[in-house]
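Notes for the structure review
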Amino acid sequence: MNVSEALKLYLVMGSTNCRVFDPEKTLAEAIEGGITLFQFREKGNEALKENDCLYLGQNLRQLCKKNKIPFIVNDDIEMALELHADGVHIGQDDGDPYRTRKQIGENMWMGVSTHSITEAHKAVKDGADYIGVGPMFPTKTKEDAHQVVGPDLIKTIRRSGLDQFPIVGIGGITLDRANLVYEAGANGVAVISAISGAESPKQAAAEFLSIKATKI
Ligand SMILES: Cc1ncc(COP(=O)(O)OP(=O)(O)O)c(N)n1
Ligand SMILES: Cc1ncsc1CCOP(=O)(O)O
Ligand SMILES: [Mg+2]
């Protein structure tokens, strides 16, 4: 699977986001529903620490491996290496992409968060394999989220020369709004609460996929 294909339905999640089931069951259900990429993002006041965090990461990594879903670690490059992750995701304040690339080598994917055309082009120049663009819509999941940029930023980034580069939209994406992100030109949607907080993560994931299939 190449990066663009993997971005189609990107579940981002940690223990603090799982409202109905535990993280292992939430991920297992979402995989059954058809997610194409997973990011382990253990954040928030109640986030697991040290060995507990690593233990959960190991379980989720194994689930992904068993089901051939690429596994990305958010922020923590050492943990990504320890878990033999397929990639890392870093934000604008998470360190230098060049240094990250040196640490992870050429075989792991590097995703970079961006909020403007300038950041998008810099991320590409710095060796990102994909960029996350957001927040697409208001979100309660990330307290320190950047101001909303909206799907229009994806359109503008596409028109600015990055017409083929792998892009995923993130932030406040629900079943009702996902279409706006696909239509703006994203390869996919990155979702936290709409899947990990759903009564049925499996059904939620399947519904996101059917939107992509029928409306683009
Ligand atoms: C796919 C994707 N896009 C953006 C983000 C946000 O990264 P960042 O701005 O570093 O914020 P945190 O997630 O670390 O709180 C992401 N994680 N994934
Ligand atoms: C991690 C992140 N980065 C930008 S918005 C966001 C939170 C997305 O969560 P949700 O899909 O629940 O709005
Ligand atoms: Mg980060």
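Residues numbered from 1 in each chain as written. Chains lettered and ligands numbered in written order. Predicted model: local features only at pLDDT ≥ 70, side-chain atom pairs only at ≥ 80, totals over all residues.

**A few points about unusual backbone geometry**
Applicable threshold: Helix and strand labels come from DSSP, where a helix needs a run of H or I of at least four residues and a strand needs a run of E of at least two; each type is numbered from the N terminus.
Going from Gly 134 to Pro 135, the amide bond is cis rather than trans, its omega being 0 degrees. Here Pro 135 lies in the loop between strand 6 (130–133) and helix 7 (152–159). In this structure, Lys 68 takes a positive phi of about 55 degrees despite not being glycine. Among the secondary structure elements, Lys 68 is positioned in the loop between helix 3 (50–66) and strand 3 (71–74).

**A look at the environment of Glu 199**
Selection rule: Counting other C-beta atoms within 10 Å of its own, a residue is labelled buried from 20 upward, exposed at 12 or fewer, and partly exposed in the gap between, with every C-beta atom placed from the backbone.
Inspection of the secondary structure assignment puts Glu 199 in the loop between helix 9 (193–196) and helix 10 (201–215). According to the C-beta neighbour criterion, Glu 199 is exposed, with 9 such atoms within 10 Å. Taking the C-alpha atoms as reference, Glu 199 lies 21 Å from Ile 170; in sequence the two are 29 residues apart.

**Notes on the nonpolar core**
We apply this condition: For this entry, the nonpolar core is defined as buried Ala, Val, Leu, Ile, Met, Phe, Trp, Tyr and Cys residues connected by C-beta atoms within 7 Å. Residues are scored as being in contact if the C-beta atoms we place from backbone atoms lie within 7 Å.
Grouped together as the largest cluster of nonpolar side chains are 58 residues, with contacts concentrated most on Val 189 and Val 191. The element that contributes the greatest number of residues to this core is strand 1 (residues 9–13), accounting for five residues. Discounting residues that sit within four places of it in the chain, Val 189 has contacts with Leu 9, Tyr 10, Val 168, Gly 169, Ile 173, Ala 178, Val 181 and Phe 208.

**Here's the deal with the site of ligand 1**
Put simply, the test is: In this analysis, residues qualify as near a molecule or strand once their C-beta atom, positioned from backbone atoms, comes within 6 Å of it. Only Asp, Glu, Lys and Arg are considered charged, only Ala, Val, Leu, Ile, Met, Phe, Trp, Tyr, Cys and Pro nonpolar, and every remaining residue, Gly among them, polar.
Looking at ligand 1, there are 18 residues lining it, with Gly 91, Ser 113, Gly 132, Ile 170 and Ala 190 nearest. Secondary-structure elements contributing two or more residues to the shell around ligand 1 are strand 1, strand 5 (109–114) and strand 7 (167–170). Counted by class, the shell around ligand 1 contains five nonpolar, eight polar and five charged residues.

**Focus on the pairing of strand 1**
Using the following cut-off: Any two strands with at least two DSSP bridges between them are considered paired.
With five of five residues buried, strand 1 lies mostly within the body of the structure. Examined bridge by bridge, strand 1 and strand 8 (residues 188–191) share three bridges and lie parallel to one another. Its bridge partner being in strand 8, Leu 9 is matched across the sheet by Val 189. When strand 1 meets strand 2 (residues 37–40), the two strands line up parallel, connected through four bridges. Within strand 2, the position partnered with Leu 11 by the bridge is Phe 38.

**Things to note about the confidence of the model for the protein chain**
Cut-off, in case you're wondering: Think of pLDDT as the predictor's per-residue confidence, scored from 0 to 100.
Summing up the model confidence of the protein chain, the mean pLDDT is 96 and the portion of residues at 70 or higher is 98%. For this predicted complex, the interface confidence comes out at an ipTM of 0.99, alongside a pTM of 0.97.

**Thoughts on the pairing of strand 3**
Put simply, the test is: The handedness rule is simple: strands pointing away from the viewer, and a clockwise path from the first strand over the helix to the second, make the crossover right-handed.
Of the two faces of strand 3, the one carrying Phe 71 and Val 73 and the one carrying Ile 72 and Asn 74 are both buried. Summarising the sheet, strand 2 and strand 3 pair through three bridges and their orientation is parallel. Its bridge partner lying in strand 3, Phe 40 is registered against Val 73. Assessed by its sense of winding, the connection that carries the chain from strand 2 through helix 3 to strand 3 is right-handed. In terms of strand pairing, strand 3 meets strand 4 (residues 87–90) through three bridges, oriented parallel. Pairing of Asn 74 across the sheet is with His 89, part of strand 4. Handedness of the crossover is the feature at issue here: the chain leaves strand 3, passes through helix 4 (residues 77–82), returns alongside strand 4, and the resulting connection is right-handed.

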